[in-house]
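Here's the letter readout for the chains.
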Amino acid sequence: MQTLKTKTLEWHHFIKPSANDLKWLQTHIQLHSLVGDELTRVTLRPRVDRYDDYLYVVLHFPIFNEREKKTYAREVDFILTKGELITVTHDSVQPLEEFFKRCMNERSSAEAFASRSPAHLFFYILKELYTFALRELDHIQEHINKIEERVFASEQEEEAVIEDLSFIRRDIIDFRRTLKPQQVALETLAVQGGILFGPASKPFFQELIGEYHKVWNLLENSKEATDALYENNATVLSIKQNESMRILSIMAFVTFPLVLFAQLFSMATVSTPIIGHRYDFWIIVAIMLLAVAGMFMIFKRKKWL
């Protein structure tokens, strides 16, 4: 456990809390048994529960793992009383830990963020987490812009572009899966937080919904751009494949009659037309060339070439 103390509040931060940590929490603020049980395991969906003198909030935030090149939903549990804020994480949440260290080490940050009430500190923590999510989406947008240049380049590798787009789409799907359920939780929080901390705190809880929508709108823009690029690139790839198939079909259609024609004249029969004449070879070659020219004229007229 790490603790930040100011004149107006205390912030207790737990990372992978031990049994002793949970026991301390249980006795320190008299947690409900259901809340204590929730803190021991990962919760799959956001929630906001109000008890007599505290709020229990569970939210998830998308954190990109650079080593695995994948976005994971990291859970943060909040317990808000009128004099304390408790945060619990089951995995490392980089922006939250950096914010806590900044408040611990920088007096100006502690005065700016932790000098009023736990509700205000809670607001600044969530704002920091949403800002971090915006920065991650900015990186995704940079990748989308680079891929867009490749999609509309004169020479491109469509398969490689589709593979890169697939990774970005996976990140966007993970972002959406993590953030989408939060809207209802934040709306509930705006109501319950205003009841517990008074009308003066309600604008801060309302503004959190606005911070959420900033992230969600940028996420939707990235999704639409990625989907459009994916469809455009897939269409170009499909057109090129169809062009290759069309050329192969024309070649097969041209060569098949010629092979059949050559096989007919190679038959060991008693009497074969043209065979035996002085210029029989050249006559057969000329007939084949005329047949090819005739077929190409038909293809041109049908606009197959």
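Procedures and definitions
Residues numbered from 1 in each chain as written. Predicted model: local features only at pLDDT ≥ 70, side-chain atom pairs only at ≥ 80, totals over all residues. Heavy atoms only, no water. Helix = DSSP H or I, 4+ residues; strand = E, 2+ residues; numbered from the N terminus. Rg over C-alpha atoms; globule rule 2.2 N^0.38 Å. Buried < 20%, exposed > 50% of the residue type's maximum accessible area, 1.4 Å probe, protein only. Contact = heavy atoms within 4.5 Å. Patch = residues over 30% accessible without salt bridge, like charges linked within 9 Å, V, L, I, M, F, W, Y side chains within 5 Å. Areas by Shrake-Rupley, 256 points an atom, 1.4 Å probe, with all protein chains shown as cover. Salt bridge = Lys/Arg side-chain N within 4 Å of Asp/Glu carboxyl O. Axes fitted to C-alpha atoms, helices over the stretch in contact; angles between N-to-C directions. Parallel < 35°, antiparallel > 145°, perpendicular 65-115°, else oblique. Left-handed = near helix turned anticlockwise from the far one by under 90°. Nonpolar A, V, L, I, M, F, W, Y, C, P; charged D, E, K, R; others polar. Pairing = 2+ DSSP bridges. Phe/Tyr/Trp six-rings, centres within 6.5 Å; stacked < 30°, edge-to-face > 60°. Lys NZ or Arg CZ within 6 Å of the ring centre and 35° of its normal.

Chemist: Whenever I open this one, the overall build of the chain confuses me. Can you help?
Modeler: Across its full length, the chain holds nine helices and six strands. The C-alpha atoms of the chain give 34 Å as radius of gyration, which overshoots the globular expectation for 305 residues (19 Å, by more than 25%). Overall, the chain is about 115 × 35 × 35 Å in size when its C-alpha atoms are taken along their principal axes. Evaluated residue by residue, the chain yields a buried proportion of 42% over its 305 residues. Within the chain, contacts between residues at least 6 apart in sequence are counted, and of these 63% link residues at least 24 apart.

Chemist: What exactly am I supposed to notice about a nonpolar patch on the surface here?
Modeler: Among the surface-exposed residues, Tyr279, Phe281, Trp282, Ile283 and Ile287 lie close enough to one another that they form a single nonpolar patch of about 540 Å² accessible area. Following the sequence through the fold, isoleucine 283 ends up in helix α9 (residues 280–301).

Chemist: Explain the packing of helix α3 (residues 94–105) against helix α5 (residues 118–151) here, please?
Modeler: Helix packing geometry: the angle between the two helix axes and the distance between the axes. It is at 9 Å that the axes of α3 and α5 come closest, and there the two elements cross at 130°. When the interaxial angle is binned, α3 and α5 end up oblique. The handedness of the crossing between α3 and α5 is right-handed. Residue-level inspection shows Gln94, Pro95, Leu96, Phe99 and Arg102 of α3 in contact with α5, the latter providing Leu121, Tyr124, Ile125, Glu128, Leu129 and Phe132. Of the residues contributing to the contact of α3 with α5, the split by class is eight nonpolar, one polar and two charged.

Chemist: Is there a simple way to think about the pairing of strand β5 (residues 70–80) in this case?
Modeler: Taken residue by residue, a regular strand's side chains alternate between the two faces of the sheet. Within β5, eight of the eleven residues are buried, which leaves it mostly tucked inside the rest of the structure. Sheet topology places strand β4 (residues 55–65) next to β5; eleven bridges connect them, and they run antiparallel. In the strand pairing of β5, valine 58 is matched with aspartate 77. Between β4 and the antiparallel strand that follows it, β5, lie four residues; lysine 69 among them carries a positive phi value of about 55°. Two elements, β5 and strand β6 (residues 84–89), share five bridges in a ladder whose sense is antiparallel.

Chemist: Would you mind showing me how to read the packing of aromatic side chains here?
Modeler: Each aromatic ring pair is characterised by the separation of its centres together with the angle its planes make. A complete count under the given rule lists 14 aromatic pairs for this structure. Judged by centre distance (6.2 Å) and plane angle (45°), the ring pair of phenylalanine 14 and tryptophan 24 falls under tilted. Note that phenylalanine 14 is positioned in strand β2 (residues 10–15) and tryptophan 24 in helix α1 (residues 19–28), a separation of ten residues in sequence. For phenylalanine 14, a relative accessible area of 0% gives the class buried. For tryptophan 24, a relative accessible area of 29% corresponds to the partly exposed category. A centroid spacing of 6.3 Å and a plane angle of 45° characterise the contact between phenylalanine 122 and phenylalanine 205, whose relative ring orientation is tilted. Separated by 83 residues along the polypeptide, phenylalanine 122 in helix α5 and phenylalanine 205 in helix α8 (residues 202–265) bring together distant segments of the chain. Note on accessibility: phenylalanine 122 and phenylalanine 205 belong to one class, buried. In this structure, arginine 169 packs its charged tip against the face of tyrosine 230, placed 4.2 Å from the ring centre.

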